[in-house]
Amino acid sequence: MINLIGTYECKVDVKGRLMVSSAFKKQLSSVLQEGFVVKRSVFQSCLELYPMQEWNMVMQKINKLNRFVKKNNDFIRRFTAGVKVVEMDASGRVLIPKDLCQFAGIEKQVVLSSAVNIIEIWDKGKYEKVIDEAVVDFADLAEEVMGNIDVDELS
């Protein structure tokens, strides 16, 4: 499992090619050859870049869902909508398909933000707005999510 660290600003060119920061390239060096999956985020208007091994682990869980349950089929369809396999070229660029750029509102300035084992790809303006809005609620969220965890479990 990969644990990615960092938030970096970068640019997308008119063709949708995203230059991945050198810091992320280093962190991803062991999985570059396997490629990546880029998809719409479930909860935000951003994209998620999964190293292929991480995507395969998610798909193993999804494959366990009973497809004779309509809710499961609906979830699978929505979760995988617009999913594309992408590769990083020799220059460290990833081509983001136009439909996904449109979904996330990505034009030029982009923020790449680590989310443990994946990278979120944000339009810079949207990212800053979401971070600013979240500041007020973050203390309550942190307490709710992490407050009941035994400190020994974290180490």
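Residues numbered from 1 in each chain as written. Predicted model: local features only at pLDDT ≥ 70, side-chain atom pairs only at ≥ 80, totals over all residues. Heavy atoms only, no water.

Okay, the packing of aromatic side chains next. What the rule picks out here adds up to five aromatic pairs. Chaining the aromatic ring pairs together yields one cluster made of Tyr50, Trp55, Phe75 and Phe79. The residue whose ring lies beneath lysine 39 is phenylalanine 79, and the NZ or CZ to ring-centre distance is 4.1 Å. (Phe/Tyr/Trp six-rings, centres within 6.5 Å; stacked < 30°, edge-to-face > 60°. Lys NZ or Arg CZ within 6 Å of the ring centre and 35° of its normal.)

The next subject is the UniProt feature "domain: SpoVT-AbrB" (unreviewed entry) in the protein. With numbering matched to this structure, UniProt assigns "domain: SpoVT-AbrB" (unreviewed entry) to residues 7–54 and 83–126. Across residues 7–54, helical content stands at 19% and strand content at 38%; the span's end C-alpha atoms are separated by 19 Å. Along residues 83–126, the helical share is 23% and the strand share 43%, with 21 Å between the first and last C-alpha atoms. (UniProt positions renumbered as here; feature names shortened; annotations may be inferred. Helix = DSSP H or I, 4+ residues; strand = E, 2+ residues; numbered from the N terminus.)

The next point concerns the pattern of salt bridges. For the structure on display, the rule yields eight salt bridges. Between aspartate 13 and arginine 17 there is a salt bridge, with the nearest N and O atoms lying 2.6 Å from each other. Look at aspartate 13 and you get partly exposed, because its relative accessible area is 27%. The exposure class assigned to arginine 17 is partly exposed, which follows from its relative accessible area of 26%. (Salt bridge = Lys/Arg side-chain N within 4 Å of Asp/Glu carboxyl O. Buried < 20%, exposed > 50% of the residue type's maximum accessible area, 1.4 Å probe, protein only.)

Where like charges cluster on the molecular surface, the negative patch consists of Asp137, Asp140, Glu143 and Glu144. Overall, the relative accessible area of 58% leaves glutamate 143 in the exposed class. (Patch = residues over 30% accessible without salt bridge, like charges linked within 9 Å, V, L, I, M, F, W, Y side chains within 5 Å. Areas by Shrake-Rupley, 256 points an atom, 1.4 Å probe, with all protein chains shown as cover. Lys, Arg positive; Asp, Glu negative; His and termini not counted. Charge placed at Lys NZ, Arg CZ, Asp CG, Glu CD.)

Our focus in this paragraph is the side chain of asparagine 72. Its place among the elements puts asparagine 72 in helix 3 (residues 70–79). Not counting residues within four places of it along the chain, the set of residues in contact with asparagine 72 comprises Leu65 and Asn66. (Contact = heavy atoms within 4.5 Å.)

Relative to the helices and strands, arginine 40 resides in strand 3 (residues 36–40). Once the C-alpha coordinates of arginine 40 and glycine 82 are considered, the two residues, 42 residues apart in sequence, prove to be 6.9 Å apart. Those residues within four positions of arginine 40 in sequence are excluded, and the remaining contacts are Cys46, Leu47, Glu48, Ala81, Leu100 and Phe103.

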